[in-house]
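# Examination of the molecular architecture
Letter by letter, the chains look like this.
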Amino acid sequence: MLRPAVGAWALTMASLGWGPAVVAAAPVSVAAHTHSDAKAPRVSVRTSYLQIRWPEFLRQSDVDAAKAKELAGAACKQIGQALTVGKGLWGTGLFDDFGCVSAKDPRTLLAGHAAKSEPAWMLSFGQTGTSVTLRIMLNPAKLGGLGADHPVAPVEVGVLKLDASPYLQDLMRDQRYSQLLAAALLDTMPAAMRLTAALNGDAGDSDQLVHQSTPPGHAVGKAGKPKRMRLFTWQILPESGIWTAHVVGSAKLTRRDKTSGWLVKRNTQETTAHEVYGQRSGGPEQAVKPLLQALAARQKVILEDRNDQGFADIREGLGKTMRFLTIDSIASGFIGARYSYELVDPNTAFFTPGSILGLVAEFRSGFLDGLRLYFDYAPLHRRTVSGDTFYLTWDRYVAGWGFAFPMPWLVDRIELTPKLGLWSIDARLPDLDDQGNPVGRTFKASGLFSAGLELSAEWEGPWYLGRLWHARDLSTPLSRVGGMTRNVYSARTGFDAVIKGPPVGLFGRDWHLGFLIFGYYEDMTFDEKAKNGNRFEFIYSTAYAGGGLSLAW
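These numbers come from a predicted model, not from an experiment.

### Some points on the overall build of the protein
The secondary structure content of the protein amounts to 5 helices and 25 strands. Burial analysis of the protein (553 residues in total) assigns 49% to the buried set. The contacts in the protein between residues at least 6 apart in sequence include a share of 67% that link residues at least 24 apart. With the model as given, the accessible surface of the protein reaches about 25,900 Å², and the carbon-plus-sulfur share is 56%.

### Quick word on the state of the cysteines
Within the structure shown, the criterion is met by 1 disulfide. Disulfide partner of Cys76: Cys100, at an S-S distance of 2.1 Å. Disulfide Cys76-Cys100: the torsion about the S-S bond is -95 degrees, which places it as left-handed. Taken together, the residues Cys76 in helix α2 (residues 65-82) and Cys100 in strand β4 (residues 97-102) connect sequence positions 24 residues apart. A relative accessible area of 0% means that Cys100 is categorised as buried.

### Thoughts on α2
For the α-helix, the turn length of 3.6 residues means that residues three or four positions removed from each other point alike. For α2, which comprises 18 residues, the first-to-last C-alpha distance of 26 Å matches the rise-based estimate of 26 Å (1.5 Å per residue) to within 8%. By the burial criterion, the buried members of α2 are Ala68, Leu71, Ala72, Gly73, Ala75, Cys76, Gln78, Ile79, Gly80 and Ala82. The secondary structure elements touched by the buried residues of α2 are β3 (49-54), β4, β5 (109-112), β6 (121-127), α3 (168-172) and α4 (175-186).

### Structural notes on the pattern of salt bridges
Between side chains of opposite charge, a pair can form when the charged atoms approach closely. With the rule as written, the count across this model stands at 26 salt bridges. The salt bridge partner of Lys142 is Glu118, with a shortest N-O separation of 3.3 Å. You can see Lys142 sitting in the loop between β7 (131-138) and β8 (155-163) and its partner Glu118 sitting in the loop between β5 and β6, a full 24 residues away along the chain. Assessed through its relative accessible area of 55%, Glu118 is described here as exposed.

### Quick word on the nonpolar core
By size, the foremost hydrophobic cluster in this structure holds 58 residues, and its most contacted members are Ile52, Trp54, Trp121 and Leu123. Those residues in contact with Ile52 that sit more than four places away from it in its chain are Cys76, Ile79, Gly80, Phe98, Gly99, Cys100, Val101, Leu123 and Phe125. Grouped together as the second largest cluster of nonpolar side chains are 32 residues, Val398, Ile425, Ala471 and Phe538 included.

### Quick notes on the sheet that holds β5
Backbone hydrogen bonds hold the strands of a sheet together, and the pairing may be parallel or antiparallel. Strand order in the open sheet formed by 6 strands is β5-β4-β3-β6-β7-β8, and the pairing between neighbours is mixed. Bordering the open sheet on either side are β5 and β8, each of which pairs with just one other strand. When the angles between neighbouring strand axes are averaged without regard to direction, this sheet yields 20 degrees. Strand direction decides the pairing type here: β6 and β7, joined by 7 bridges, are antiparallel. Each bridged residue has a counterpart across the sheet, and for Ser124 the counterpart in β7 is Arg135. Strands in contact with α4 are β6, β7 and β8; relative to β8, the strand with the most contacts, it is inclined by about 135 degrees.

### As for the side chain of Glu458
Within the secondary structure layout, Glu458 lies in strand β21 (residues 438-460). Glu458 sits in the buried class, given a relative accessible area of 0%. Looking at Glu458, its side chain comes within polar contact range of the side chain of Arg413, at 2.7 Å. For Glu458, the side chain forms a polar contact with the side chain of Arg467, separated by 3.2 Å. When sequence neighbours within four positions are dropped, the list of residues in contact with Glu458 reads Arg364, Val411, Asp412, Arg413, Glu415, Leu465, Gly466 and Arg467.

### Concerning α4
Between the first and last C-alpha of α4 there are 16 Å, a value that for 12 residues agrees with the 16 Å anticipated at 1.5 Å per step. In terms of burial, α4 is a largely internal element, 10 of the 12 residues being buried. Every buried residue belonging to α4 is among Tyr177, Ser178, Gln179, Leu180, Leu181, Ala182, Ala183, Ala184, Leu185 and Leu186, and all of these are buried. Put simply, Asp174 is the residue that caps the front of α4, since its side-chain oxygen is 3.4 Å from the backbone nitrogen of Arg176.

### Observations regarding the confidence of the model for the protein
The predicted model of the protein has a mean per-residue pLDDT of 76, with 73% of residues at 70 or higher. The model gives residues 212-217 a pLDDT under 50, and that stretch makes 16 contacts with residues more than four places away or in other chains. pLDDT under 50 marks residues 309-330. Its contacts with residues more than four places away, or in other chains, come to 60 contacts.

### Section: the packing of α2 against α4
Running from N to C, α2 and α4 cross one another at 50 degrees; their axes reach a closest spacing of 8 Å. Between α2 and α4, the interaxial angle falls into the category oblique. Note on packing geometry: the crossing formed by α2 with α4 is right-handed. For the pair formed by α2 and α4, the contact residues are Ala75, Gln78, Ile79 and Ala82 on the first element and Gln175, Ser178, Gln179, Leu181, Ala182 and Leu186 on the second. Of the residues that constitute the contact of α2 with α4, the class distribution is 6 nonpolar, 4 polar and no charged.

### Details of unusual backbone geometry
A positive phi angle is found at Trp90, which is not glycine, with a value near 65 degrees. Counting through the fold element by element, Trp90 comes out in the loop between α2 and β4.

### Focus: the packing of aromatic side chains
Scanning the model with the defined rule gives 14 aromatic pairs in all. Aromatic ring contacts, followed pair by pair, group Phe350, Phe351, Phe390, Phe443, Phe526, Phe538 and Tyr540 into a single cluster.

### What to know about the side chain of Thr92
You can see Thr92 is positioned in the loop between α2 and β4. Setting aside chain neighbours within four positions, we find Thr92 in contact with Ala82, Thr84, Val85, Gly86, Lys87, Leu186, Ala192 and Met193.

### Side note on the environment of Met122
With respect to the helices and strands, Met122 occurs in strand β6. In this structure Met122 comes out as partly exposed when scored by relative accessible area, which is 24%. Separated by 71 residues in sequence, Met122 and Gln51 place their C-alpha atoms 4.7 Å apart. If near-sequence neighbours (up to four positions away) are discounted, Met122 is found in contact with Leu50, Gln51, Arg53, Arg135, Ile136 and Met137.

Criteria and thresholds
Counting from 1, residues in each chain are numbered in the order their sequence is written. In view of the model being predicted, local features appear only for residues whose pLDDT reaches at least 70, and side-chain atom pairs are presented and counted only at 80 or more, with totals across whole chains, interfaces and linings using the full set of residues. The basis for every side-chain value is the complete set of heavy atoms in the structure, and neither hydrogens nor water enter the calculation. Labels follow the DSSP assignment, with helices taken as runs of H or I lasting at least four residues and strands as runs of E lasting at least two, numbered in each case from the N terminus. Relative accessibility decides the category of a residue: with a 1.4 Å probe and only protein chains considered, values under 20% of the type maximum give buried, values over 50% give exposed, and everything between is partly exposed. Contacts between residues were defined by any pair of non-hydrogen atoms, one from each residue, lying within 4.5 Å. Using a 1.4 Å probe, the Shrake-Rupley method yields the accessible areas, and only the shown protein chains count as cover for residues. Throughout, a disulfide means two cysteine sulfur atoms within 2.5 Å of one another. Each helix should span, by expectation, one fewer than its residue count multiplied by 1.5 Å. What makes a salt bridge here is a side-chain nitrogen of Lys or Arg within 4 Å of a carboxyl oxygen of Asp or Glu, nothing more. By convention a nonpolar core is built from buried Ala, Val, Leu, Ile, Met, Phe, Trp, Tyr and Cys residues, the set being connected through side-chain atoms within 4.5 Å. A pair of strands is labelled paired if DSSP reports no fewer than 2 bridges between them. A fitted line through C-alpha atoms represents every axis, and for helices the fit uses only the stretch in contact; the resulting angles, taken between N-to-C directions, go from 0 to 180 degrees. Any pair of nitrogen or oxygen atoms within 3.5 Å is treated as a polar contact; in protein, a donor-acceptor pairing is required on top of that, and neighbouring residues in sequence qualify only through side-chain atoms on both sides. Confidence per residue, as judged by the predictor, is encoded in pLDDT with a range of 0 to 100. Just so you know how the angles are binned, under 35 degrees is roughly parallel, over 145 roughly antiparallel, 65 to 115 roughly perpendicular, and the rest oblique. We call a crossing left-handed when the near helix sits turned anticlockwise from the far one by less than a right angle, and right-handed when that turn is clockwise. Under the convention adopted here, Pro, Cys and the residues Ala, Val, Leu, Ile, Met, Phe, Trp and Tyr are nonpolar, Asp, Glu, Lys and Arg are charged, and Gly plus all remaining residues are polar. Two rings from Phe, Tyr or Trp (for Trp, the six-membered ring) form a pair when their centres are within 6.5 Å of each other. A pair whose planes differ by under 30 degrees is stacked, one over 60 is edge-to-face, and the rest are tilted.

The following block contains the structure:
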């Protein structure tokens, strides 16, 4: 849900239908200004350059630094372009140029152009638990015309409040979304557009059509192109932040041929001002609500299109990894260490309950997207029966590649993962002799090549990844052992969860600590065949549960 903030200029611009000259003040200056302020020297407002300070809370910390910078730059570029002259929704816009920098380190340029001097205009972002606020700030001292001995506090010129969303940066990479967002922000300001050339030359003697666009009068939801615009020059008293709007005329929405624009009336006053500004008649915030409704509708379309694109990827995949990514997923990948312990009754289990140690790495973005790496090691499990000691220890290295298929009506996705691995086994297992007496049989093999397949259903959110899965693996030895062919088969069913923890800095980059929780049931079948056809088979059924820690990037 999106909601507008009460703009600082609401009373000021409500009086732009008022007369040829109006003076108003920003909130910090209302009580301070006196009648003598009107005689103080004014500075013409110029909107040549805007610095956008991109906050860390919008940047994706779950991708590598280079990718995070690229994504932030792409989103910020769309907003910056939507605020430049003629490039916003319906041809609105105020600034000639812009530069996106990191709020944490303004020396880091994300998009646009670097400021040649300290900028007068700045767009900043603030966040609370439930909202994100966009603020346009003006430092009047940087407009020129003041000496260095005139310190001036920045003035809030426009403000827009949105509900907090983990998807905001991704949404702003969409051009129409950014145009709607910029238009809503501009609608809270004294001016929504600048008509630099509208009143030059013989503008006072003939009609002029400015800011043409196609298709004519394009509407977005209930937000339509302003039908009338007030045109004015804009000055400010730098030391107090009080500004003056001198109305010089108006413009009316009209159509000519296949284009539309605002027609500047013949009776518009000529002016020598370098810049003439426009705002919809009636003042700012006249259309913020329908603009935000259109913004919410566009957000819905983007998210639905993203789901549809997952199916398009399946159709177009043909030999490429098909992965459906949710917005702001838990991580671009993680590495972790795991520990699990057998959930069996020691009084009835064949082996004394033991543990398994493991390492895991999953890659969920970039050219390695889909790669899965696992290592498991089972320390010695023992049991002594009738004076004979039985034992089992093994390790396995497994690599897989996940192919994801979106299924948003049920889960986030279904993933199919073919796997290859190497197993090593050292065991003494129970068997029966010809008379039915229990005897021990050694089962030892290394370099067992395995192949397998895993099917999983995944749920993913900003702070978690959950997965239900079933996997089957079988091995084929690279060589016979003493004339025997030995194989191991495994069938496992379980669940995994990764919970996103706090950020940590390691090796010069940002990571996120994660918590691993998992459990599974497994049947392991040990199979031995002799040349004479004799066969030995031992099935070990057990269950494990455990946890671990991971580092996500």
